[in-house]
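Structural characterization, general
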Amino acid sequence: MSGLNDLLHAIDTAARDGEETILATVVKVEGSAYRRPGARMLIPLHGRTVGTVSGGCLEQDLAKKAWWLTDAGEPVVRRYSTGATDDEDDEQSALTFGLGCNGTVFVLLERVRAKSSSPVIELLRRVRETQRPAAMATVIATSRNASARVGDRLLSDSDGTLRHAPLSTAMRADLRKTLSEKKSSIRLYTDARGEVEVFFEYVAPPPRLVIFGAGHDAQPLVRMAKLLNWHVTVIDSRSHFARPERFPLADAVIFASLDNPFELHPLVDGAAVSVMTHSYRQDRHWLGQLLHAAPAYLGQLGPKERTERLLAEIGPGSSALHYPIGLDLGGDAPESVALSILAEMTAVMNQRLGGMLRHRVKPIHPANLLVCEKLAVMAEL
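These remarks concern the structure in this document. Worth saying up front: this structure is predicted, and the values here are computed from it rather than measured.

Okay, the overall build of the chain next. The helix and strand inventory of the chain stands at nine helices and 16 strands. Per-residue burial for the chain yields a buried fraction of 45% across its 381 residues. Across the chain, every contact between residues at least 6 apart in sequence was considered, and the portion connecting residues at least 24 apart equals 57%. Taken as a whole, the chain presents about 19,300 Å² of accessible surface, with 52% of it coming from carbon and sulfur.

Right, dumping it as C-alpha cells:
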C-alpha cells in the first residue's frame, strides 16, 4: 500500500477538475521484477504520473501508450519482458526492455472516469479509512469464448456478481480464502468454453506504528514511517512534548497522563510499537501494559541493562520484546536510530531476519505470487 495516499489524492484532484485518468496495476509477475502484484500507478492525460509499477523502466512506456491502448474504453493487460532478448515481433507479445532481469510483468490498464465511481478506488479508500483488510478478484486473461472479460471484478466487501453464476460462486469462495490466508494468488478456472485467469489480491491496510515518547528522536521516525505510508500515532505523558505541531505528519498525537487510565489494546494490538520516552517512569508505565498486549512488534529503546532492570521490576509478560531496539546498522544520529528501528520493524512484520540479501539462499519474494495455481475443471461453467 505504499504511496496509496498520494495516489488517492491525485485521483480526487483529477475528479474535481473533471479529468479522466488511467490506473495501471501490476496483476502478475513471472520471474524477477522490482514491484510485486498490486503495485499501482496513476497516469493523467496531462502532468506527471503518480506511483510506480517497476524500478523506473516501464513507467515511461506506459505513460506514453496507455491512452491509445485503452482508447476503446475497455481494460487491457500490457505484457512486458525484462529479459535480455525476445524474438517475438507480435504486438501482443512481451515488449522487451533488454534489462537482463529475466522477468515478465503484466500490467492492467483501465480508465478512471471523473464522474463515475471506480470499485477499485472505493475499495482502496475503505481499506485506508477503516484499517480493515479486503480482497479483490480481477479477471486478467480469458480464452476467446470464455464466460468472463478482462477487467471483470468481484470485491470481498460488496455483493456484486459476474454474468456467469457458477464462476461467481467459485470466485467468491476463493475471495474468502484470500482474506483468511492473507495472501494474493493467481488462479485459473477452466471449463468447456475455455479458461479464465484471475488475480486474487489481498489488500492490507497500511501498517500501524505507535510511538511512546515524543522526543526529538521520535520526529525522524515519524517522517520515515510516513514515507512508507504507515499510519503513525505518537503518545507521551508530557504535554509540552505531545503537541501536534511537533509532529505535523503524524496521524494522531496523544497526551496521556500516567495518572489516568488509558486503554491501549485497540491502538497497539497488531501494530508496531516503539517505547522511547527517555523517561524511566514513563517507560516502566507503558512497557508494563504493552507486555500484556498483542503488538506485531514491540521494541524498547535504551541500553540492555536498563531494559533488563525495567523487566525485573515489571515482571513477565506475554509479548516478546526487542531490546535494544533496532538493527545493528551503526550511527548514532536520530535519523540513524530511526532507520535502524524502522528496518527491524519491517523485517519482523515481514517475517524476515533483516540480514544482507547477498547471503539469502531462498528467493526474495514468496513463490505464491509468481506461479499460477491450476484449479479443478468446473464442468458447469
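Moving on, there is more to tell.
The next point concerns the sheet that holds strand β12 (residues 231–236). As summarised here, the arrangement of the five strands in space is β13-β12-β11-β14-β15, forming an open sheet in which the pairing is parallel. Of all strands in the sheet, those with a lone pairing partner are β13 (252–255) and β15 (297–300), marking the two edges. Strand-to-strand, the axes of this sheet are offset by a mean angle of 15°, without reference to chain direction. Of the pairings in the sheet, the one linking strand β11 (residues 208–212) to β12 comprises five bridges and is parallel in character. Looking at the pairing, I211 lines up with V234 of β12.

Turning next to helix α9 (residues 334–349). With 16 residues, α9 extends 22 Å from end C-alpha to end C-alpha; this agrees with the ideal 22 Å at 1.5 Å per step. Within α9, the full set of buried residues consists of A338, S340, I341, L342, E344, M345 and A347. The secondary structure elements touched by the buried residues of α9 are β11, α5 (218–227), β14 (272–275) and β15. Once α9 finishes, Q351 follows within two positions and takes phi at roughly 55°, a positive value.

Glancing now at the side chain of S279. Along the chain, S279 falls in the loop between β14 and α7 (280–290). A distance of 3.2 Å separates the side chain of S279 from the backbone nitrogen of Q282, its partner in a polar contact. With residues up to four places along the chain from it excluded, the contact list for S279 reads R238 and R306.

The next thing to look at is the packing of helix α1 (residues 4–16) against helix α3 (residues 119–130). The description of two helices packed together rests on the angle between their axes and the distance between the axes. It is at 11 Å that the axes of α1 and α3 come closest, and there the two elements cross at 130°. Accordingly, the angle class assigned to the pair α1 and α3 is oblique. Taken as a pair, α1 and α3 cross one another with a handedness that is left-handed. Touching L4, N5, L7, L8, I11 and D12 of α1 are I121, L124, R125 and R128, all from α3.

Our next topic: the pattern of salt bridges. Enumeration according to the criterion identifies 20 salt bridges in this entry. Ionic pairing is found between E110 and R153, a salt bridge with its closest N-O pair at 2.7 Å. On the criterion of sequence distance, the pair formed by E110 in strand β6 (residues 103–112) and R153 in strand β8 (residues 153–155) is long-range, its members being 43 residues apart. Residue class for E110 comes out buried when judged on its relative accessible area of 10%. In this structure, D174 engages R187 in a salt bridge whose closest nitrogen and oxygen atoms are separated by 3.9 Å. Taken as a pair, D174 in helix α4 (residues 165–181) and R187 in strand β9 (residues 185–191) lie far apart in primary sequence, 13 residues in all. No difference in accessibility class separates D174 from R187, as the two residues are buried. Where salt bridges share partners, they join D12, E122 and R125 into one cluster.

Calculation rules
Residues numbered from 1 in each chain as written. Predicted model: local features only at pLDDT ≥ 70, side-chain atom pairs only at ≥ 80, totals over all residues. Heavy atoms only, no water. Helix = DSSP H or I, 4+ residues; strand = E, 2+ residues; numbered from the N terminus. Buried < 20%, exposed > 50% of the residue type's maximum accessible area, 1.4 Å probe, protein only. Contact = heavy atoms within 4.5 Å. Areas by Shrake-Rupley, 256 points an atom, 1.4 Å probe, with all protein chains shown as cover. Pairing = 2+ DSSP bridges. Axes fitted to C-alpha atoms, helices over the stretch in contact; angles between N-to-C directions. Expected span 1.5 Å × (residues − 1). Polar contact = N/O pair within 3.5 Å; in protein donor to acceptor, adjacent residues only side chain to side chain. Parallel < 35°, antiparallel > 145°, perpendicular 65-115°, else oblique. Left-handed = near helix turned anticlockwise from the far one by under 90°. Salt bridge = Lys/Arg side-chain N within 4 Å of Asp/Glu carboxyl O.

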